[in-house]
Amino acid sequence: MTNEEWRFAMAQYMVLIPDDYDAWEAMTPQQRNEVYAEHEVFAARLARGGHRVTGGAELTLPRTARTVRSGPDGITVTDGPYTEAVEQLSGYYLIETDDLPDLEQACGILAHHVPIEIRQLGRAVEDDVMVVAAEART
């Protein structure tokens, strides 16, 4: 994507969803279906708001994770997540939108159980400075 295309593309956001996996595993099938139904409501709300879901997935349990570290002795790979927190990342959505405030309101559908984190994808601040500098040279 050229710098010009990048500047005029819709903003892309990652909606990060944490969860308490012990609580998840203790849920009944009916309770899990209720959580999945909330995600269907969320998806419908995104569509009504003009947001475009471009990706996303539910993640496997943290105990299936592999953690890779690199250090002076080389690369080590261990089982499980890096953190010992109760809440772990359980899934995510990739969303294109020009209306962050509306996206925030839509995320409220999922946020009554756990806090939802929204992060914009793309270039870091330093990259924006480099783009401006490159444009000034042309």
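Residues numbered from 1 in each chain as written. Predicted model: local features only at pLDDT ≥ 70, side-chain atom pairs only at ≥ 80, totals over all residues. Heavy atoms only, no water.

### A word on the pattern of salt bridges
Basically, it comes down to this: Should a side-chain nitrogen of Lys or Arg be within 4 Å of a carboxyl oxygen of Asp or Glu, the pair is scored as a salt bridge. We count a stretch as a helix when DSSP gives it H or I for four or more residues in a row; a strand needs E for two or more, and each element gets its number in order from the N terminus.
A complete count under the given rule lists five salt bridges for this structure. Residues Glu 96 and Arg 52 are paired through a salt bridge, measuring 2.9 Å at the closest nitrogen-oxygen approach. Of this pair, Glu 96 sits in strand β5 (residues 87-97) while Arg 52 sits in strand β2 (residues 52-58); the two residues are 44 residues apart in sequence, bridging distant segments of the chain. In this structure, Glu 117 and Arg 119 form a salt bridge, with 2.4 Å as the shortest nitrogen-oxygen distance.

### Some details on helix α3 (residues 29-48)
The following threshold applies: Every helix has an expected span of 1.5 Å times one less than the residues it contains. The cut-offs for exposure are 20% and 50% of the maximum accessible area for each residue type, with area from a 1.4 Å probe on protein chains only; residues under the lower value are buried, those over the upper are exposed, and the others partly exposed. It is the directions from the helix axis to the C-beta atoms that the arc portrays.
Relative to the 28 Å expected for 20 residues at 1.5 Å per residue, α3 spans 29 Å between its end C-alpha atoms, a close match to the ideal helical length. Taken together, the buried positions of α3 are occupied by Val 35, Glu 38, His 39, Phe 42, Arg 45 and Leu 46. For α3, the angular spread of buried residues about the axis comes to 120°, placing them on one side. In α3, the exposed residues that point more than 90 degrees away from the buried face are Pro 29, Glu 40, Ala 47 and Arg 48.

### A look at helix α4 (residues 100-107)
The complete set of buried residues in α4 reads Asp 102, Leu 103, Ala 106 and Cys 107. End-on, the buried residues of α4 take up no more than an arc of 145°, which puts them together on one face. Those residues of α4 that are exposed and aimed more than 90 degrees away from the buried face are Pro 101 and Gln 105.

### Brief notes about the side chain of Ser 90
Quick reminder of the rule: We call two residues in contact whenever any of their non-hydrogen atoms come within 4.5 Å of each other.
Within the secondary structure, Ser 90 sits in strand β5. Apart from the residues within four sequence positions on either side, Ser 90 is in contact with Ile 17, Pro 18, Asp 19, Tyr 21, Ala 57, Glu 58 and Leu 59.

### Quick word on the packing of α3 against α4
How two helices pack is summed up by the angle between their axes together with the distance between the axes. Counted only if it meets this: Lines fitted to C-alpha atoms define the axes here, with helix axes fitted over just the stretch in contact, and angles between the N-to-C directions of these axes take values from 0 to 180 degrees. When describing relative orientation, an angle under 35 degrees is termed roughly parallel and one over 145 degrees roughly antiparallel, while 65 to 115 degrees is termed roughly perpendicular and anything else oblique. Should the near helix be turned anticlockwise from the far one by less than a right angle, the crossing is termed left-handed; should it be turned clockwise, right-handed. Only Asp, Glu, Lys and Arg are considered charged in this grouping, and only Ala, Val, Leu, Ile, Met, Phe, Trp, Tyr, Cys and Pro are considered nonpolar; every other residue, Gly among them, is considered polar.
Two numbers describe how α3 lies on α4: the axes approach to 9 Å, and their chain directions differ by 160°. One element, α3, and the other, α4, form an angle in the roughly antiparallel class. You can see that α3 and α4 cross each other, and the crossing is right-handed. On α4, the residues touching Phe 42, Arg 45 and Leu 46 of α3 are Asp 102, Leu 103, Gln 105, Ala 106 and Cys 107. Considered class by class, the residues forming the contact of α3 with α4 number five nonpolar, one polar and two charged.

Shape descriptors only; they carry no functional weight alone.
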